[in-house]
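Tertiary structure, described
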Amino acid sequence: MRFLRGAAGSALPRFENWSGSVVAHPRSFRRPTTAGAVAGLVADAAADGETLRVVGAGHSFSPVAATDGHLVSLDALAGIVAVDAAAKTVRFRAGTRLRDIPALLEPYGLSLPNQGDIDEQSLAGALSTGTHGTGLGFTGFAGLVTALQLVTADGRVRELDPTREPELFDHARLSVGALGVLTEIELQCVDAFDLVADEARIPFDEMVETLEDRARTCDHVDYYWFPYADEALAKSNTRVPPGAAGPYPDVRRRPRLQRLLAEEMLDNAGLGLVNELSRAVPAATPRINRFATVLASNRRYRGPAHEVFVSPRRVRFREMEYAVPFADGAEVLREVRAAIESSGRAVAFPLEVRTAGADDVPLSTATGRDSVYIAVHQYHAVEEAGYFRSVERVLRAAAGRPHWGKIHSLGAEDLSALYPRFDDFVRVRDAVDPGRLFGSRYLTHLFGS
Ligand SMILES: Cc1cc2nc3c(=O)[nH]c(=O)nc-3n(C[C@H](O)[C@H](O)[C@H](O)COP(=O)(O)OP(=O)(O)OC[C@H]3O[C@@H](n4cnc5c(N)ncnc54)[C@H](O)[C@@H]3O)c2cc1C
């Protein structure tokens, strides 16, 4: 997130998200340091008839955090509140950044059970949009929540768990910030573990044909496929006890140059170059993509889980991601490939394919069903709308559910058909925020007025 106070001659602060696609001018920007101070800001906004939204790291591609009302950051509300070593549950302040969690958990020998591709996000932001990693045996962040502290529109600081206000707890685990301000989050953690990573190029057809089997037999599988290429990169991560000696190089001890090359080749500088070449000569994109795929070398390494799950993302892009039913994933992938390649579009950004197990979080993209996630990306300097629309048609026809923090075109009517408990969510929202203190134009589009 870039946040410029009173930018460009304006008296108002200016908010811009990570990808640069969302800009807003909130009427104020505050960083409270306690839950009580948050409650005070909420009470003031309510008294003035204003709206209030919270921003985490501003890493959502959709305008979920945008507001022209009051904007609040919980960056100053970070760190651990309490640890239950026996239950392996940890209570964090809601503004804690994911990147800080491994060091916070290290003294307790604990770890997050799973992670996504980056760790810049705030814990509350990750929860509130259904952020996930990959692995059929795992859920996204919202599925790990065991208790919450939530400041609601009436200014109350409420303690929620499966026994205290169970219905509000259930929905507040993933609410796109529509039910109040999360100030504390308790998560189910696990014993710290290492990952053995195995990265290999495989034919696209093999990726599709073995998608189901690999997801069932490997802990965490993640695929990257450049349109028009016949091969994909399969990343398979296997969980092992921490420090377990293995025949593979430790990711932390790789020579600096080797590590830089691995990080830059396809994820960063190399990917930027590929996209600039494709922009300059769009007709050459299929050849550029095939060449970029060949550059991905097969390799094996190991390291602490967070070092292997997460990698830097320095090339700006826009993203749309849908979760489709697990059993349909392979067929949908073939259809997505056909839609892209028959259009001849110049897309030089890989698609990403992941999985997650079913959970019981009402607005989770994986609620009630095992899922395959299909994500499409476009370089920030290239218009993405036509590309995303054409792929979205395929994903919607497959009853796909869009990621709440990424770009999509769905509104309340479409979403209510995709989520069995959507109406319950709206009813709970009506009860706790009848005046839409936590509302915004985009939330009205998502959940109705
Ligand atoms: C480079 C990149 C990589 C990504 N990789 C992944 C990935 O691997 N997997 C994945 O699933 N997603 C991924 N995402 C998407 C990202 O995880 C989500 O958009 C996430 O919400 C961003 O977290 P944030 O802290 O930036 O939240 P923001 O974007 O700032 O906010 C998201 C929502 O959370 C709400 N919110 C924030 N804090 C609070 C609070 N305290 N109380 C109530 N509501 C709150 C906001 O109001 C908003 O509605 C990626 C995004 C980028 C830019």
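Remember, predicted model here, so these are calculated numbers, not experimental data. (Residues numbered from 1 in each chain as written. Predicted model: local features only at pLDDT ≥ 70, side-chain atom pairs only at ≥ 80, totals over all residues. Heavy atoms only, no water.)

1. Some remarks on the packing of aromatic side chains
Considering all chains together, one arrives at eleven aromatic pairs under this definition. Here W18 and F61 contribute two aromatic rings whose centre-to-centre distance is 6.1 Å and whose plane-to-plane angle is 85°, an arrangement assigned as edge-to-face. Of the two residues, W18 sits in the loop between β2 (14–16) and β3 (23–24) while F61 sits in the loop between β5 (52–55) and β6 (70–73), which places them 43 residues apart along the sequence. Of the two residues examined, W18 and F61, each falls in the buried class. Geometrically, the ring pair formed by W404 and Y419 is tilted, given 5.6 Å between the ring centres and 35° between the ring planes. Of this pair, W404 sits in the loop between β21 (401–402) and α12 (412–418) while Y419 sits in the loop between α12 and α13 (422–432), placing them 15 residues apart in sequence. Here W404 matches Y419 in class, with each residue buried. Members of the aromatic cluster, each reached through a chain of ring pairs, are W404, Y419, F422, F425 and F447. Looking at R337, its charged tip hangs above the ring of F204, at a distance of 4.5 Å from the centre. Over the face of the ring belonging to Y419 we find R401, whose NZ or CZ atom lies 5.0 Å from the ring centre. (Phe/Tyr/Trp six-rings, centres within 6.5 Å; stacked < 30°, edge-to-face > 60°. Helix = DSSP H or I, 4+ residues; strand = E, 2+ residues; numbered from the N terminus. Buried < 20%, exposed > 50% of the residue type's maximum accessible area, 1.4 Å probe, protein only. Lys NZ or Arg CZ within 6 Å of the ring centre and 35° of its normal.)

2. Section: unusual backbone geometry
Peptide bonds are, in most cases, trans, and in most cases residues other than glycine have a negative phi. A positive phi is found at E165, a non-glycine position, where the angle reads about 50°. Mapped onto the elements of the fold, E165 is located in the loop between β11 (157–160) and α4 (166–172).

3. Side note on the environment of K88
Topologically, K88 is positioned in the loop between β7 (80–84) and β8 (89–93). Sequence separation between K88 and Q188 is 100 residues, and the spatial gap between their C-alpha atoms is 6.2 Å. Those residues in contact with K88 that lie beyond four places of it in its chain are L110, L187, Q188, C189 and D191. (Contact = heavy atoms within 4.5 Å.)

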